[in-house]
Amino acid sequence: LVTGKDDHSGIDTLEYSDDGGSTWMTSPTYTAAGEGIISFMARAIDVAGNEYTTSTTSITVDTTKPFSSISQPSGTIESITPSVVWDSNDTQSGTPSGIQSHRIEYKDLTAGTDWQLLGIYPEYTNSTTFTFTNNHRYGLRSRATDNAGNVEDWPGNPDGDVVFTVNAGEAP
């Protein structure tokens, strides 16, 4: 966790503190007590007894999975290229790290296919268009990943039971 170098007398002790220097630890691993912003200080003491303490550095601990959902299309739509719209957030945790990406999948319920990738989109994207087959019924689902690497579980059914039917009429 902490490294140091002293070319004169050599390093005697390397320590770190997560409480502003009230207590110091030498353990090679650190386990956060929970989510939040943790501020660390480090210090090195050389063999001659000289001490050097660093300034504070902070890290954000986020272990909560984000949440996403698809809001459209739904019902019966009259276009084979509808907008697929989703939303996500990472606000369930005390200190959210933010959304990194969304994975959107579809399933052709008429053809009985497995889930297929529609696309993986960056955090600032919340819609796309896609060409579906006319007179077919589809399900959609989404899964978000946050910047801390937490990945949302897939929903058991299409997101909020987002199921729609393409009925664009007959091709000319």
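Residues numbered from 1 in each chain as written. Predicted model: local features only at pLDDT ≥ 70, side-chain atom pairs only at ≥ 80, totals over all residues. Heavy atoms only, no water.

Draft legend 1. Molecular detail of the overall build of the chain. Counting secondary structure elements, the chain contains 0 helices and 12 strands. In sequence order, the secondary structure elements of the chain are arranged as β-β-β-β-β-β-β-β-β-β-β-β. Since a compact globule built from 172 residues should have a radius of gyration of about 16 Å, the 26 Å found for the chain marks it as more spread out than a globular shape. Overall size of the chain, expressed as C-alpha extent along the three principal axes, is 90 × 30 × 25 Å. (Helix = DSSP H or I, 4+ residues; strand = E, 2+ residues; numbered from the N terminus. Rg over C-alpha atoms; globule rule 2.2 N^0.38 Å.)

Draft legend 2. A look at unusual backbone geometry. In this structure, the amide linkage connecting Gln72 to the following residue, Pro73, adopts the cis form with an omega of 10°. Within the fold, Pro73 resides in the loop between β5 (67-72) and β6 (75-77).

Draft legend 3. Region of interest: the sheet that holds strand β10 (residues 127-129). A sheet is described by the order of its strands in space; here 3 strands give the open sequence β5-β7-β10, paired in antiparallel fashion. Strands at the two margins of the open sheet, each flanked by one partner only, are β5 and β10. Ignoring strand direction, the axes of neighbouring strands in this sheet form an average angle of 25°. Bridge analysis of strand β7 (residues 83-89) against β10 gives 3 bridges, and the strand direction is antiparallel. Paired with Val84 across the strands is Thr128, a residue of β10. (Pairing = 2+ DSSP bridges. Axes fitted to C-alpha atoms, helices over the stretch in contact; angles between N-to-C directions.)

Draft legend 4. Quick look at the confidence of the model for the chain. In this model, the chain carries an average pLDDT of 88, and 94% of its residues clear a pLDDT of 70 or more. Mean pLDDT per element in the chain: strand β4 (residues 57-61) is the minimum at 86, and strand β9 (residues 116-122) is the maximum at 95. (pLDDT = per-residue confidence, 0-100.)

Draft legend 5. Representation of the sheet that holds strand β8 (residues 99-108) within the structure. Reading across from one edge, β6-β12-β11-β8-β9 is the order of the 5 strands in this open sheet, with mixed pairing throughout. A strand with exactly one partner marks an edge of an open sheet, and here the two such strands are β6 and β9. Sheet twist, expressed as the mean angle between neighbouring strand axes with direction ignored, is 30°.

Draft legend 6. Looking closely at the layout of surface pockets. Within this model, the largest pocket holds a volume of roughly 160 Å³. Elements represented by at least two residues in the lining of the largest pocket include exactly β1 (11-17) and β2 (36-46). Sorting elements by how many residues they give to the lining of the largest pocket places β2 first, with 5 residues. The residue inventory of the lining of the largest pocket, partitioned by class, reads 7 nonpolar, 4 polar and 4 charged. (1 Å grid on protein atoms, 1.4 Å probe; cavity = no way out; pocket = protein on both sides within 12 Å on 5 of 7 lines; lining within 4 Å. Points joined across faces, edges and corners; volume = space filled by probe spheres on them. Nonpolar A, V, L, I, M, F, W, Y, C, P; charged D, E, K, R; others polar.)

Draft legend 7. Structural context of the environment of Gly34. Following the sequence through the fold, Gly34 ends up in the loop between β1 and β2. The class of Gly34 is partly exposed, set by a relative accessible area of 36%. Placed 28 residues apart in sequence, Gly34 and Asp62 show a C-alpha to C-alpha distance of 8.4 Å. (Buried < 20%, exposed > 50% of the residue type's maximum accessible area, 1.4 Å probe, protein only.)

Draft legend 8. Just the packing of aromatic side chains, in detail. In total, this model carries 11 aromatic pairs according to the counting rule given. Note on Trp86 and Tyr121: the rings are 5.0 Å apart at their centroids and 35° apart in plane angle, and the pair reads as tilted. One end of the pair, Trp86, is in strand β7; the other, Tyr121, is in strand β9, with 35 residues separating them in the sequence. Both residues of the pair, Trp86 and Tyr121, belong to the buried class. Grouping aromatic residues by their ring pairs yields a cluster made of Tyr106, Phe130, Phe132, Tyr138 and Phe164. Against the face of Trp154 rests Arg141, its NZ or CZ located 3.9 Å from the ring centre. (Phe/Tyr/Trp six-rings, centres within 6.5 Å; stacked < 30°, edge-to-face > 60°. Lys NZ or Arg CZ within 6 Å of the ring centre and 35° of its normal.)

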